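As a plain string of letters, each chain reads:
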Amino acid sequence: MKKNMITGSILWSIAMITSLLAACSSPATTSTTANAATSTTGTTKTVSVSEQTSVKYADLVSLDADDTNISWSEADSTAIKLNGTTATVTGSGAKAANGSVTISEAGTYVLSGELTDGQIVVNVADKGTVHLVLNGATIHDNDSAAIYIQKAGKAVITLEKGTKNTVSDGKTYVYADATTDEPDAAIFSKADLTFNGAGQLTVTGNYNEGITSKDDLKIISGSISVKAADDGIKGKDMVAIQAGTITIEAEGDGIKSTNDTDTTKGFVAIAGGTFDIQSGNDGIQAETALVTDGGTYNIVTAGGSANAPAKVEEGPFGGGGGGWGGGTPPTDMGTPPDGEPPADMPEMSTNSGTNAGANTNGAAASNSANTTTATTDNNADADTATTATESTSAKALKAGTDLTVNGGTYTIDSMDDSLHSNNNVTVNDGTFNIESGDDGIHADQALTINGGTITIAKSYEGLEGAIITLNDGDVDVTASDDGVNAAGGETETAANTAASTDSTTTATDVETTSNISVTETTGTTSTTDQASQGTATNQQGRGPGGMGVAASNNEFHINGGSLTVNAGGDGLDSNGSINMTGGTVIVNGPTDNGNGALDYDGTFEISGGYLVAAGSSGMAQGTSDASTQNTIVMTFPTTQKAGTLVHVQDSEGNNILTFAPAKDYQTVVVSSPDLAKDGSYVIYSGGTSTGKAVDGLYTDGTYSGGTQVIAFQSTSNVTWVNESGVTTANTGMGGPGGGGGQGGFGGGRNRSQSGTTSDSTGTTDSAK
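Residues numbered from 1 in each chain as written. Predicted model: local features only at pLDDT ≥ 70, side-chain atom pairs only at ≥ 80, totals over all residues. Heavy atoms only, no water.

A. Fine view of the overall build of the chain. Counting its secondary structure elements, the chain contains three helices and 67 strands. Here the chain holds 768 residues, and the buried ones make up 56% of them. Across the chain, the fraction of contacts at a sequence separation of at least 24, relative to all contacts at a separation of at least 6, is 65%. Surface summary for the chain: the accessible area is close to 27700 Å², and the carbon and sulfur share equals 46%. (Helix = DSSP H or I, 4+ residues; strand = E, 2+ residues; numbered from the N terminus. Buried < 20%, exposed > 50% of the residue type's maximum accessible area, 1.4 Å probe, protein only. Contact = heavy atoms within 4.5 Å. Areas by Shrake-Rupley, 256 points an atom, 1.4 Å probe, with all protein chains shown as cover.)

Right under this line is the structure:
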């Protein structure tokens, strides 16, 4: 994350002091506590990474015969013919009076015609099932719900095939007394409510909400269009959608569940369907779990990402989970000319970093004649933050506990986060095209991607979570700030921590926030203390030290798949560590020297896969010396123009890297299984390649026409080079750790946590 920095001269002075202190206090020997596991005393909330999340629609939703029953006959049903302000009832179980129809017995009722100002009331004392068939019906009530299910075991509304049906209410409701606030939707049910059939239904909630159930709300099929002054479709205990075509235009949330007292309820589960949602607040919001197995989604929240408020950056210590780069400073800190700060050091901003918004929750209007005028309840959820206040939650997919996506096609333009969970996000499959005014995908705890094609074309930060794991899938991120940010999470620990040299620890108990989500973990790897005490020589893969602030336990794991990042801030940012065992990662990092293509506060250990990261040189970091796969970090004497090829080949002419960065760059990091610790290599700049480029990375073909920059012999598993040959690690200050937000705008509540991570099951793809 891009931060406001102290002036360069102050930074240089502090860095020099840190370097001297390190030199005085530490002998030039190898680390004796590297990768030591840390055990803590106290109560710990553990973030665990699941490689597979098995929860699906069928795990949460069961259907009975009534839910799927669409059949009826004239002989076995009661006909209700609507005509203006009156109705004619043919059959038993219902009576018409004063322009309304009251159904008092279980059974099937077929409605047709038009009721211009009246109400269909269901009040069945024996709790039986009432089956309403809308067979070309138009129902409007000026001052209450048009369909009101007061009491029943279940209400099923069938949309007769080939018919168009309309239900609407007025902008003003009349209640029995001032303490009454129900009904408040055009279709309102106090019982379980199910929609099925192959017809069409248009619902207009002029007063408040479109469709509301105080219990379960299920949609099995049908074409349903809702326009609402507040929420479009709302169920308390669940919203379950098996199929159908759903169009929603809502000033509040599009689809939501609300039960916040029972962790087994309050979820949204979707098996499939087609969704077109335009909402003022969240698109689809679950109080607990949100699960989607498939479907086609077009979601726009609060007018889209273009309406997102401008972000205000935090100060240098306001959001960092770690220090500035982590690790021990290299011995050569550089000499500033005549006491001036080093070139390109950003200056300290005087901005306080506050991003406040007004609370727009509407208050209920007063009612002198037991009449209530509609007001929009934005149902804004203010995500707690130290530097930002969120007045409106306008996320596309939002879960209070776990968000699991098993498939589907998603086109999202959201003012706020596009995918958001207050706990964990798991993407198992799906195709995503995202434009976000804040995070593309955000998890307060674990974000796990097991598959799918994810394109985040616009975001503030692309992927954010306390622990982020990429096991498989194709992910393409464009972010104005960090591309990937491993930050946040919660830990409550005692002041004392005891270091253990045992490399294996037993995972602490996971605190489960909901028993809805089902998580399967094939193995765990203990989180280890990343604060290695080695010499400067052993820390050349990292920038200088963290100003006395230890790295957090945040983690970013890359086990497979592909990740392409174009970031205005840090490309890959972890307040803790990064671990890569497979996959392909391409980073087009920042052009300013206040950020880096790689920014981590602990270690970056790579043992497999292919990594190339290009960006500015001021805060450049490579991989860590503990890595088992070799890395080259090349710093050019001047900034190279975007599209200028950088080519690395070995002494036999074999291609290691041919890459055209998308933006101006001065430092390039490449790690490949083909690099040898003692190999001979040549780096070229410019030229052309006949190969095929994917995200700027060329495969096959022939490289020619470039200018040789340097030929060198690698000296370690992380070799830093410039135009003069092998050198030491970058002497610029490593960037402060990005702040981890609880979603919403700016985040800002930084919290460390301990965690366990799953063993890799992703496939290694050495070339994209």
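B. Region of interest: the pattern of salt bridges. Taken as a whole, this structure holds 11 salt bridges when the rule is applied. The partner of K256 in a salt bridge is D231, with the nearest N and O atoms 3.6 Å apart. Of the two residues, K256 sits in strand β24 (residues 255-257) while D231 sits in the loop between β20 (223-228) and β21 (233-235), which places them 25 residues apart along the sequence. Accessibility assignment for this pair places K256 and D231 in one class, buried. Here the salt bridges share partners, and the residues they tie into one network are D64, D67, K154 and K218. (Salt bridge = Lys/Arg side-chain N within 4 Å of Asp/Glu carboxyl O.)

C. Main features of unusual backbone geometry. Of note, the amide linkage connecting E182 to P183 takes the cis form, showing an omega dihedral of 0°. Here P183 is to be found in the loop between β14 (172-174) and β15 (185-189). One non-glycine residue with positive phi stands out, namely D695, at about 55°. Assignment of secondary structure puts D695 in the loop between β61 (692-694) and β62 (697-699). Positive phi is not limited to glycine here, since D700 has a value of about 60°. Topologically, D700 is positioned in the loop between β62 and β63 (703-704). For D700, a relative accessible area of 73% translates into the label exposed.

D. Representation of the confidence of the model for the chain within the structure. Looking at the chain, the pLDDT average stands at 79 and 70% of residues meet or exceed 70. Long-range and interchain partners of residues 1-52, a stretch whose pLDDT sits below 50, account for 169 contacts in this model, where long-range means more than four residues apart. Across residues 732-768, where pLDDT falls below 50, the model places 201 contacts with residues more than four positions away in sequence or in other chains. (pLDDT = per-residue confidence, 0-100.)

E. Broad picture of the pairing of strand β8 (residues 107-115). Most of β8 sits inside the fold, with seven of its nine residues counted as buried. Pairing geometry for strand β4 (residues 78-84) and β8, over seven bridges, is parallel. Each residue of the ladder has a partner; that of L82, found in β8, is G113. Here eight bridges tie β8 to strand β10 (residues 129-141), and the two strands are oriented parallel to one another. Looking at β10, one finds that E114 is bridged to T138. (Pairing = 2+ DSSP bridges.)

F. Quick peek at the packing of aromatic side chains. Within this structure, the stated rule accounts for 10 aromatic pairs. Between the aromatic rings of F636 and Y665, the centroid separation amounts to 5.8 Å while the plane-to-plane angle is 80°, which identifies the pairing as edge-to-face. With F636 in strand β55 (residues 631-640) and Y665 in strand β58 (residues 665-671), this pair connects stretches of sequence that are 29 residues apart. These aromatic residues form a ring-pair network of at least three members: F275, Y297, Y410 and F432. Looking at K311, its charged tip hangs above the ring of Y460, at a distance of 5.1 Å from the centre. (Phe/Tyr/Trp six-rings, centres within 6.5 Å; stacked < 30°, edge-to-face > 60°. Lys NZ or Arg CZ within 6 Å of the ring centre and 35° of its normal.)

G. Quick look at the pairing of strand β65 (residues 718-722). Most of β65 is tucked away, with four of its five residues classed as buried. When β55 meets β65, the two strands line up parallel, connected through four bridges. Pairing of V633 across the sheet is with W720, part of β65. Direction of pairing for β65 relative to strand β66 (residues 725-727): antiparallel, over a ladder of three bridges. Looking across to β66, one finds that V721 is bridged to V726. Hairpin connection of β65 to β66: two residues between the antiparallel strands.

H. The environment of L572, seen in detail. Locating L572 in the fold gives a position in strand β49 (residues 572-574). Of the residues examined, L572 reaches a relative accessible area of 0% and is grouped as buried. For the pair L572 and L598, spaced 26 residues apart in sequence, the C-alpha to C-alpha distance is 5.0 Å. Those residues in contact with L572 that sit more than four places away from it in its chain are V484, F556, L563, V565, I578, V585, V587, A597, L598 and D599.

I. Just the side chain of N165, in detail. Its place among the elements puts N165 in strand β13 (residues 164-169). Residue classification places N165 among the buried residues on the basis of a relative accessible area of 1%. Setting aside anything within four residues of it in sequence, one finds N165 in contact with L134, N135, G136, A137, Q200, L201 and T202.

J. Structural view of the environment of I219. For I219, the location among the structural elements is in strand β19 (residues 216-219). Taking the C-alpha atoms as reference points, I219 and A243, separated by 24 residues in sequence, lie 7.0 Å from one another. Apart from the residues lying within four places of it in its own chain, the contact partners of I219 are F195, I224, I233, A240, I241, Q242, A243 and I246.

K. Structural context of the side chain of H557. Within the fold, H557 resides in strand β47 (residues 555-558). At a separation of 2.7 Å, a polar atom in the side chain of H557 contacts the side chain of E555. (Polar contact = N/O pair within 3.5 Å; in protein donor to acceptor, adjacent residues only side chain to side chain.)

L. Molecular detail of the environment of S112. With respect to the helices and strands, S112 occurs in strand β8. Every residue in contact with S112, bar those within four places of it in the chain, is listed here: I80, K81, L82, N135, G136 and A137.

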